[in-house]
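Chains, contacts and geometry: an overview
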Amino acid sequence: MRFKKVGFPLFIFLIVYWMVAIFLIVFLLSFGIALIFHLKNGNEFYFDFFKESTYSLSKAIPGGGILGGGIWIKAKLQERKDSIK
């Protein structure tokens, strides 16, 4: 997806993109850790999808918002710097 200028649509895209990315990373890491413990110990596989989803979401919302907003601000400042030259 190409954006012509640094505007509000890019801002929303970056925030949503990084929220989804952080959510998937945290969720898949916790799933992988549960799977490793299951395979190593041979115990019953215990993974609470709802609990891990809410935990991942609680980390993804602030992290994605800050990271996406910061990248957008950097792009906006770079666009302004390039237009001055």
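The structure this text deals with has already been given above.
Cut-offs applied
- Residues numbered from 1 in each chain as written.
- Predicted model: local features only at pLDDT ≥ 70, side-chain atom pairs only at ≥ 80, totals over all residues.
- Heavy atoms only, no water.
- Salt bridge = Lys/Arg side-chain N within 4 Å of Asp/Glu carboxyl O.
- Helix = DSSP H or I, 4+ residues; strand = E, 2+ residues; numbered from the N terminus.
- Buried < 20%, exposed > 50% of the residue type's maximum accessible area, 1.4 Å probe, protein only.
- Axes fitted to C-alpha atoms, helices over the stretch in contact; angles between N-to-C directions.
- Left-handed = near helix turned anticlockwise from the far one by under 90°.
- Nonpolar A, V, L, I, M, F, W, Y, C, P; charged D, E, K, R; others polar.
- Polar contact = N/O pair within 3.5 Å; in protein donor to acceptor, adjacent residues only side chain to side chain.
- Contact = heavy atoms within 4.5 Å.
- Phe/Tyr/Trp six-rings, centres within 6.5 Å; stacked < 30°, edge-to-face > 60°.

A word on the pattern of salt bridges. Between side chains of opposite charge, a pair can form as their charged atoms come close. Scanning the entire structure with this criterion turns up one salt bridge. Linking E79 and K76 is a salt bridge whose minimum nitrogen-to-oxygen distance equals 3.9 Å. Of the two residues, E79 and K76 are both situated in helix α2 (residues 49-84); the distance of three residues between them amounts to about one turn of the helix. Here E79 falls in the partly exposed class, since its relative accessible area comes to 29%.

This next bit is on the packing of helix α1 (residues 8-41) against α2. Orientation of α1 relative to α2, taken along the N-to-C sense of each, is 145°, at an axis distance of 7 Å. Once α1 is placed against α2, the crossing between them reads as right-handed. Taken together, the residues of the contact of α1 with α2 break down into 19 nonpolar, eight polar and two charged.

Next up on the list: the side chain of E52. Mapped onto the fold, E52 is located in helix α2. Looking at E52, its side chain comes within polar contact range of the side chain of S30, at 3.3 Å. In this structure, E52 is in contact with F27, S30 and F47, ignoring residues within four places of it in sequence.

With that settled, consider the packing of aromatic side chains. On inspection of all chains with the given rule, the structure shows 13 aromatic pairs. Judged by centre distance (5.6 Å) and plane angle (75°), the ring pair of F27 and F47 falls under edge-to-face. Within this pair, whereas F27 is found in helix α1, its partner F47 is found in the loop between α1 and α2, the two being separated by 20 residues in sequence. Of the two residues examined, F27 and F47, each falls in the buried class.

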